[in-house]
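# Descriptive analysis of the structure
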Amino acid sequence: MEHILRSNLETNENNSPQAILRALSLVSNPSTSDSTLSSIAKILIISLENPNPNSNSHLFLHHHILRLFSLLFHHRPHVHHDVISAVRAFSLLPSTSTRSLADALACLSISDSNLNDESTFLYLVLQPCVSVRHWLLLNVSKFDIRPSVLFTVLIGLTKDPYPLIRNVALNGLADLCKCIVVEDENLIQGCYFRAVKCLFDSEDSVRCSAVRAVSACGQLIVASKQERSKGDWSDALFLQLCSMVRDMSVKVRVEVFNALGKIETVSEYILLQTLSKKASAATKKMNFPGQYSDKKFRIPATSASLAFLYGLEDEFNEVRESACRALQTLAILYAGFSNEVVNLLMVVLNDDSMAVRLQALDTLHQMAMSGHLKVQEAHLPRFLGMLLDSQSLIRFTARKVLKLTELPSLDMFKRCVDGLIRDLELYPQDEAEVFSALFMIGQNHGKFLVSLINEASQMIEPSSGGKLGYDNVRKASYLVLAASAPVSMKQQTCSIPPRMFSYAVTLLGRVSRSLADIVDQRTLLAYLSYCSRFTFVSAAEFFKMEEHLEEGDVQLTQRREVSKYHIWRKLQLKEAESSLLDFQVEHNKEINCVNIILQVVIDIWPSLKLGLTDEVTRTLRCLKAELGTISNHNHRGELVFALQYIDALERLGHLWSHLVFSKEFYFHEWGKLECSLKKLDRCLRDMRYKLIGLTKEDNFLILELIIANGIVKLCNMEACANKTILKKLHSMMSCIKHICGEESTESSNFVVEVQKSLSEIDSTNCPILDNPYLLLKSLEHFTPRKVVLLGNLKYMEAELRFQGSEFQNPLPFISGLPVGLSLDITLHNISSENSLWIKMSLEEKLTQFVFLDLHEIEGHDEPRKFTFVAPFYQTPKASCFTLKICIVLECMSDDDQVPRGCGGPKHEVAHLCEEKEVYFSVEVR
Amino acid sequence: MSKTQNSYIEPFRHPDHGELNSFGWRWIIHYNILPTPHAKVILRKQNKGRTKVTAVDLKQTVLVDKDLQIRAYYAGHVLGAAMFYAKVGDAAIVYTGDYNMTPDRHLGAAQIDRLQLDLVITESTYATTVRDSKYVREREFLKAVHKCVASGGKVLIPTFALGRAQELCMLLDDYWEQMNLKVPIYLSSGLTIQANMYYKVLINWTSQKVKSTSATRNAFDFKNVHSFDRSMINAPGPCVLLATPGMISGGFSLDVFKQWAPCEQNLIILPGYCVAGTVGHRLLSANSPAKVNVDESTQIDVRCQIHQLSFSLHTDSKGIMDLVKFLSPKHVILVHGEKPKMALLKERIESDFGIPCYYPANNESVCIPSTNYVKAEMSKSFLQSSLSPNFKFLKTISRADADFILNERTESFVQVCDDRVVEGTLAMQKEKQAKIVHQNELMVILGAENHEVQVAYCCPVCVSYELKDVALAPGENMPPVLDKRSLLHLLYTKLSNDFQDVTIQNDGDRLQIESFTVSACLKEKCPHRIHVKPDSTSEAVNFCCMWSMEDEKLAWRVISIMKNLELKTG
């Protein structure tokens, strides 16, 4: 069968469509053997290489052959290198027509081989054939094109008469804008205004992608601006998008609200305008750059009027949903605006569409997480109605919001508890969730809870005959609430009858299941039974005492609600990563990559702070791996900086989360913690001293990190060694002050806060710091600063080599007599001013330093290479020993001096190379 | 045209819709989307004088005759309301009667494509009003109703036959469900039957919500709404009643009004607008409690509360502006509104969008220029060049106004333009079709030669010789070619110093700056030379300069420098 077909193909001069058809059926048949396929491929290659010049059908033929190849690559990706090379050769032929060339490229792109040709792309994209242009623009990522070139081509093509092309060009711009940095401001602004112009296109699809492009490009401009003009541009972008909310196309409207949600800051008066029809005095006068209509090139601030309201009232649920989502980030900017938004969202909770209701709840949740949700009496019926929704997802989200809501009055608290209990009555499957919600709101509203429980204690008491009727939903719920009642561990008092705790023990299994993420069953049992032995004091008395209590007395701390936010962040992250891979930045590639990665790292800091250490660590490792792939010796300094920065943040995050989130502390963790602290120390020291060419900004950043480290250390180790750390903190603060005073570098919130708490501590005049948590508060303000590396960092490094000392082949020595070590040393980026030492340590106990006087060493080339003989004096009385050797840099500007006995550096040292081991053994005669 | 017949349009007959004579259209469209039996009724009425009725569906394009095509777009407002796009030859307009830009509970917002239009004719009932959020309006209405029924009163809501009643029923029914109210809502019986019939047929015209639920349940089957019987007018206890007609001009709503108005507990909810002369209008203008004459013989003491409904099926001024902005036509005509308000809206449209706007009174004619396309052939080379992208970038300082960039110094930014159309030239010859040719072909087609105006001037430049050994008499023994070259080179270095912003080319025989060329003139008598008195102190060498008109300024700059030069050789 095979043979017949093969011969058929060959004898048919393989030109006829039938032959193609036959080949097609063979290729697409999964059971066709590889040998058949390769022979088919061979025949097809021949016909591709030798087109019949006389016939007009060769275009048709090429097209189909190339399509067959594509199919072949698709089905059997592993085969046929010769096919790839044939197609490649074909694509390089000058006689190949535009159409066939595009086909060939399409074929190659499937085979995963790099197309790697900017000029081909440019040649093809400027050809008359529209479909080829379209294909090229869709597959831009498969070509290796400089972003600047691609950018200009895409802007040019937004002028194309074909809407299809305009569409993809704008989409391409939107994608490109997400992963480039601004080099030519004029060009980016030109692009922005071009995209804005496209908002007035007559095609729906073009307007849709124009919205995307305007958003992305606008964000890029906003990111590149400073301070005042940043805010103005952000406002301008917001208004420009707002002018599109009444577009007739649903897709455009959805896209507009998606884009609005991405804007991070907008002036308050503009935001308020989006919900009201009355133009405030401030709004009336303001004009922003943009395009309001075909002829008007300024956009008035009044154009934002009612924008969000129209979105929330839209006929289509997609738009309403998107508008709700857009409010997520904006609603938490200003208190006034968020109150308005809460009012509106409460109405939206009535929506017919479940997706909209869910999104509204999500937005409320987001607001609650940032502490901007103020629920009023009037909202409650609607909101509690959500707890009884027929959709479990809605109920789930509503409970999540409730957990974080702060209720202003006892009455509202009671109604919420009632609502939850009704939820449980109607939907018994929600038990675990409801209990957990009850527990949370109980914890959040201690005072209300106490009065509620005391009122209802009669009901909870066992009925006559001593029977505990806790299968009753209501009773069980109250017991769960009771378990969350505030107690004072120190005073051993509680504000509710302590027997409630023992009643709660009867529900242990059910309660612990619902509180699984907070506490385990054993701890809970211990806690409940411990509390049940407390003495009961009246609520008034209890809370009076409570005021004097220390923070950190609450036993069952709650882990913050983060999942949704986290997912959202992660998505953003993914986006950033993938676009990073998609577009290789050619010019100054490494630096740009490093900068982008650093930006991503800064972006995920909030999740790290929320205690999502595992996820973030994973991402950071990915990023580090990404950095690892960049191997360029010209930019070693930047790479090292970035790696160390990520490292430092990761460790800091770890320590931080340990400090804030850890449920209990086991002694065996101590070692781990200490180790982590040490590593962070070392990492920061390296950053500070081993990099040359740090700007003030960079120095500031490092100092901030060091301070943060100091605080974490203080809090983790508490009493141990806090005096030196405090001293160090002070000295770092003065360094920062120095930097701030010298340059116009902005001081950060964090620094200001630390300064405050430090002076507070100083004023107490206490020799020992008794409450390091004062400082911990200021750590909340810590956010990593944005870094932009310019590409002129140098990294100090050294290489150390010996002649002939291996484990099997140790160096001879005589016990008690000095021994000389001949070292081959290479130094990178080290000047004679640096004081270098050779550190030789014998099993941690005995360390000897030898000063490396660089002035005496000849040769000033870069890198410096020389041989140095280092003497080691105190050879031990042993038959063999191992010496660890490395080159260290004395951190001269470090203030804390380390007392050391026999000479050696007076300051802390930073390692310049890995420790090497040298083996010695007594010479056997 | 009454409200109930809104499902067909007759642009000419509406008293305030202005004349369309300028378009020279004599057409009347009868458009009827209602099925039997309603359609038949209308057909019968209309057929007396006219000939033909055509039904048009949404977005369906109808060729009325060779020249005229029309297309209906969804307008919200009420069931069956439509906007019309009409095109005669190349001139296109959108005519819209009543429309609504915000969605209702049962109707969507108006929806139209972005079209190339010469004119938009739009209603302007609310030319200056900007409406509040739907939520706020609904809340107010529900609050008023709830308060009344909670205190045991009866609520009368006079409504128009179709649409509004359903809208209010949906709203009330939802609210009743939510608040778990048991007070009955009544709908006068005729309304329900009509509505159910229309809405089933016209499901396509309803909002997304109604459409999506229509498969599972009829959105107009209300749980809490019952049909009303006259005998129940005086039944005790609170209730809500929706009855026709809307402005209490007679009929059932008037009967109920007579019974309920004297009681203080009751509430009457009136629509936002009532025609003068109706009871509704009198109620709105009077202060409660007041005596209202229902007819000549009866006077009713109105003690009940009165609430004005702020829902409207018409769009507000923001809606009109948004529609105009979206369509961006070349002209706008406002109709169906109050004159002073229309004047205000006209101002806003003209200032915000720069679109000329008119609001003609009855019998007033407006002349609107319309688009007229000329068909032109394309030459092959122009076709070729216009197929491939040909964009270039310009740096512009700023756009229309100077203070373009906010709070920053004026910056330049890059603008992109595509030159492929610019490269074409429209050639129109007598008795031949117009043709677009590529600019390169133009000369060939015209059979003309390219003429250029060249200006020449022979400029004397002073030369001083600092010769060390031999003193030469002027004009003697000097090898002319070498001398010419070296002088030219001298000139070149001098000029390069002075003109650093332009590139000067020196090819040995002449210098070139843009189109300006300089070469040494060796002729005894040059026609371009203007005779000046020979300078006695130093020798003048003549340089012939040539340039084309566009570089005139540059040329005179160069020449003025050359005149003041002194070339030193040696």
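Please read all numbers here as calculations on a predicted model, not as lab measurements.

### Some points on the overall build of chain B
From N to C terminus, chain B includes 13 helices and 26 strands. Within chain B, contacts between residues at least 6 apart in sequence are counted, and of these 69% link residues at least 24 apart. Here chain B displays about 29400 Å² of accessible surface, and carbon together with sulfur accounts for 52% of that area.

### Looking at the overall build of chain A
Broken down by element type, chain A carries 39 helices and 16 strands. Considering only contacts within chain A whose residues lie at least 6 apart along the sequence, 73% involve residues at least 24 apart. Here chain A has roughly 41300 Å² of accessible surface; of this, 53% comes from carbon and sulfur atoms.

### Remarks on the sheet that holds strand E14 (residues 331-335) of chain B
Residues and elements named next belong to chain B. Read from one edge to the other, the open sheet built from seven strands follows the order E1-E2-E3-E4-E5-E14-E15, with strand pairing classed as mixed. A strand with exactly one partner marks an edge of an open sheet, and here the two such strands are strand E1 (61-63) and strand E15 (357-358). Looking at chain direction, E14 and E15 are connected through two bridges and run parallel. Counted as the bridge partner of isoleucine 333 is tyrosine 358 from E15. Strands in contact with helix H8 (residues 317-327) are strand E3 (82-88), strand E4 (91-96), strand E5 (119-123) and E14; relative to E5, the strand with the most contacts, it is inclined by about 165°. In the packing of helix H9 (residues 339-353) onto the sheet, contacts are made with E14 and E15, and the angle to E14 comes to roughly 165°.

### As for the interface of chain A and chain B
On the side of chain B, 57 residues touch chain A, which itself brings 64 residues to the contact. Summed over both partners, the interface of chain A with chain B buries about 5100 Å², with 55% contributed by carbon and sulfur atoms. For the salt bridge of Lys209(B) with Asp352(A), the shortest nitrogen-to-oxygen distance reads 3.6 Å. The tally of links from chain A across to chain B stands at 17 residue pairs in polar contact (both at pLDDT 80 or more). Only helix H9 (147-157), helix H11 (185-198), helix H13 (227-242), strand E1 (287-289), helix H17 (307-312), helix H18 (317-330) and helix H19 (335-348) of chain A provide two or more residues apiece to the side of chain A that touches chain B. Here the side of chain A that touches chain B gets seven residues from one element, more than from any other, and that element is H11(A). Class assignment for the residues of the side of chain A that touches chain B results in 25 nonpolar, 16 polar and 23 charged.

### Brief notes about a nonpolar patch on the surface
Residue and element names in this part refer to chain B. On the surface, a nonpolar cluster with roughly 360 Å² of combined accessible area is contributed by Met443, Val444, Ile445 and Leu446. Along the chain, leucine 446 turns up in helix H11 (residues 442-446). The class of leucine 446 is exposed, set by a relative accessible area of 54%.

### Regarding the packing of aromatic side chains
Residues and elements named next belong to chain A. Throughout the structure, instances matching the rule amount to 24 aromatic pairs over all chains. In this structure an aromatic cluster arises from ring pairing among Phe813, Phe872, Phe881 and Phe920. The positively charged end of arginine 246 is found above the aromatic ring belonging to tyrosine 310, 3.8 Å away from the centroid. Taking NZ or CZ as reference, arginine 395 lies 3.5 Å from the ring centre of tyrosine 427, over its face.

### With respect to the pattern of salt bridges
A full pass over the atoms with the stated rule returns 39 salt bridges over all chains. With a closest N to O distance of 3.1 Å, Arg303(B) and Asp301(B) form a salt bridge. For Asp301(B), a relative accessible area of 25% gives the class partly exposed. Salt bridges sharing partners connect three or more residues here, namely Asp352(A), Arg105(B), Glu138(B), Asp174(B) and Lys209(B).

### Comments concerning unusual backbone geometry
Residues and elements named next belong to chain B. Notably, isoleucine 248 is not glycine yet its phi reads approximately 50°, a positive angle. Mapping isoleucine 248 onto the fold places it in the loop between strand E9 (239-243) and helix H6 (251-260). Even without a glycine there, the phi angle at asparagine 363 is positive, about 65°. Note that asparagine 363 resides in the loop between E15 and strand E16 (377-378).

### Some points on H8(B)
Residues and elements named next belong to chain B. Of all 11 residues in H8, 11 are buried; the element is thus mostly enclosed. Residues of H8 that are buried include every one of Ser317, Lys318, Gly319, Ile320, Met321, Asp322, Leu323, Val324, Lys325, Phe326 and Leu327, and no others. Serine 328 lies just past H8 and shows a positive phi near 40°.

### Some points on the side chain of Ser124(B)
Residues and elements named next belong to chain B. Within the secondary structure, serine 124 is located in the loop between E5 and helix H2 (134-150). For serine 124, a relative accessible area of 0% corresponds to the buried category. For serine 124, the contacting residues outside a window of four places in its chain are Ile320, Leu334, Val335, His336, Gly337, Met342 and Leu345.

### Observations concerning the packing of helix H21 (residues 380-387) of chain A against helix H23 (residues 410-426) of chain A
Residue and element names in this part refer to chain A. Between H21 and H23, the shortest axis-to-axis distance is 9 Å and the interhelical angle comes to 25°. For the element pair H21 / H23, the angle class is roughly parallel. Taken as a pair, H21 and H23 cross one another with a handedness that is right-handed. Residues Leu380, Pro381, Leu384 and Leu387 of H21 form the contact with H23, whose own contacting residues are Met412, Arg415, Cys416, Gly419, Leu420 and Asp423.

### A closer look at the pairing of strand E10 (residues 819-828) of chain A
Residue and element names in this part refer to chain A. Note: strand E8 (residues 797-802) against E10, six bridges, orientation antiparallel. Looking across to E10, one finds that alanine 798 is bridged to leucine 827. For E10 and strand E13 (residues 864-872), the ladder comprises nine bridges, and the chain directions are antiparallel. Along E13, the bridge assignment pairs glycine 820 with proline 871.

### With respect to helix H6 (residues 98-110) of chain A
All names here are of chain A. The terminal C-alpha atoms of H6, which comprises 13 residues, lie 19 Å apart, in line with the 18 Å expected from a rise of 1.5 Å per residue. When you tally the buried positions in H6, you get 11 out of 13 residues, the bulk of the element. Of all the residues in H6, the buried ones are Thr98, Ser100, Leu101, Ala102, Asp103, Ala104, Leu105, Ala106, Cys107, Leu108 and Ser109.

### A look at the sheet that holds strand E19 (residues 424-427) of chain B
All names here are of chain B. Taken together, the three strands give an open sheet; going across it, the order is E16-E20-E19, and neighbouring strands pair in mixed fashion. If you trace the sheet from one side to the other, it starts and ends with E16 and E19, each paired once. Here E16 runs beside strand E20 (residues 435-438); their pairing, made up of two bridges, is parallel. Of the residues in E20, the one forming a bridge with glutamate 377 is lysine 435.

### Points about the side chain of Lys134(B)
Within the secondary structure, Lys134(B) is located in helix H2. As a buried residue without a salt bridge, Lys134(B) has its nearest oppositely charged side chain in Glu138(B), at a separation of 4.9 Å. Once residues within four sequence positions are removed from consideration, Lys134(B) is found in contact with Glu313(A) and Pro103(B).

### Points about the confidence of the model for chain B
Residue and element names in this part refer to chain B. Averaged over every residue, the pLDDT of chain B is 76; residues scoring 70 or more account for 80%. For chain B, per-element mean pLDDT is lowest for helix H1 (residues 38-47), which scores 41, and highest for E15, which scores 94. Here residues 1-51 is a poorly scored stretch, pLDDT under 50, and it has 96 contacts once near neighbours within four places are set aside; other chains count. Note that residues 468-477 has pLDDT below 50 and, in this model, three contacts with residues that lie over four places away or in other chains. Across the assembled chains, the prediction reports ipTM 0.76 with pTM 0.68.

### Here's the deal with the packing of H2(B) against helix H3 (residues 164-179) of chain B
All names here are of chain B. Taken N-terminus to C-terminus, the directions of H2 and H3 make an angle of 65°; their axes are 11 Å apart at the nearest point. You can see that H2 and H3 cross each other, and the crossing is right-handed. Facing Glu138, Phe141, Leu142, Val145, His146 and Val149 of H2, the residues of H3 in contact are Leu168, Leu171, Leu172, Tyr175, Trp176 and Met179. In terms of residue class, the contact of H2 with H3 is built from 10 nonpolar, one polar and one charged.

Criteria and cut-off values
Residues numbered from 1 in each chain as written. Chains lettered and ligands numbered in written order. Predicted model: local features only at pLDDT ≥ 70, side-chain atom pairs only at ≥ 80, totals over all residues. Heavy atoms only, no water. Helix = DSSP H or I, 4+ residues; strand = E, 2+ residues; numbered from the N terminus. Contact = heavy atoms within 4.5 Å. Areas by Shrake-Rupley, 256 points an atom, 1.4 Å probe, with all protein chains shown as cover. Pairing = 2+ DSSP bridges. Axes fitted to C-alpha atoms, helices over the stretch in contact; angles between N-to-C directions. Buried area = accessible area lost by both parts, 1.4 Å probe. Salt bridge = Lys/Arg side-chain N within 4 Å of Asp/Glu carboxyl O. Polar contact = N/O pair within 3.5 Å; in protein donor to acceptor, adjacent residues only side chain to side chain. Nonpolar A, V, L, I, M, F, W, Y, C, P; charged D, E, K, R; others polar. Patch = residues over 30% accessible without salt bridge, like charges linked within 9 Å, V, L, I, M, F, W, Y side chains within 5 Å. Buried < 20%, exposed > 50% of the residue type's maximum accessible area, 1.4 Å probe, protein only. Phe/Tyr/Trp six-rings, centres within 6.5 Å; stacked < 30°, edge-to-face > 60°. Lys NZ or Arg CZ within 6 Å of the ring centre and 35° of its normal. Parallel < 35°, antiparallel > 145°, perpendicular 65-115°, else oblique. Left-handed = near helix turned anticlockwise from the far one by under 90°. Expected span 1.5 Å × (residues − 1). Lys, Arg positive; Asp, Glu negative; His and termini not counted. pLDDT = per-residue confidence, 0-100.

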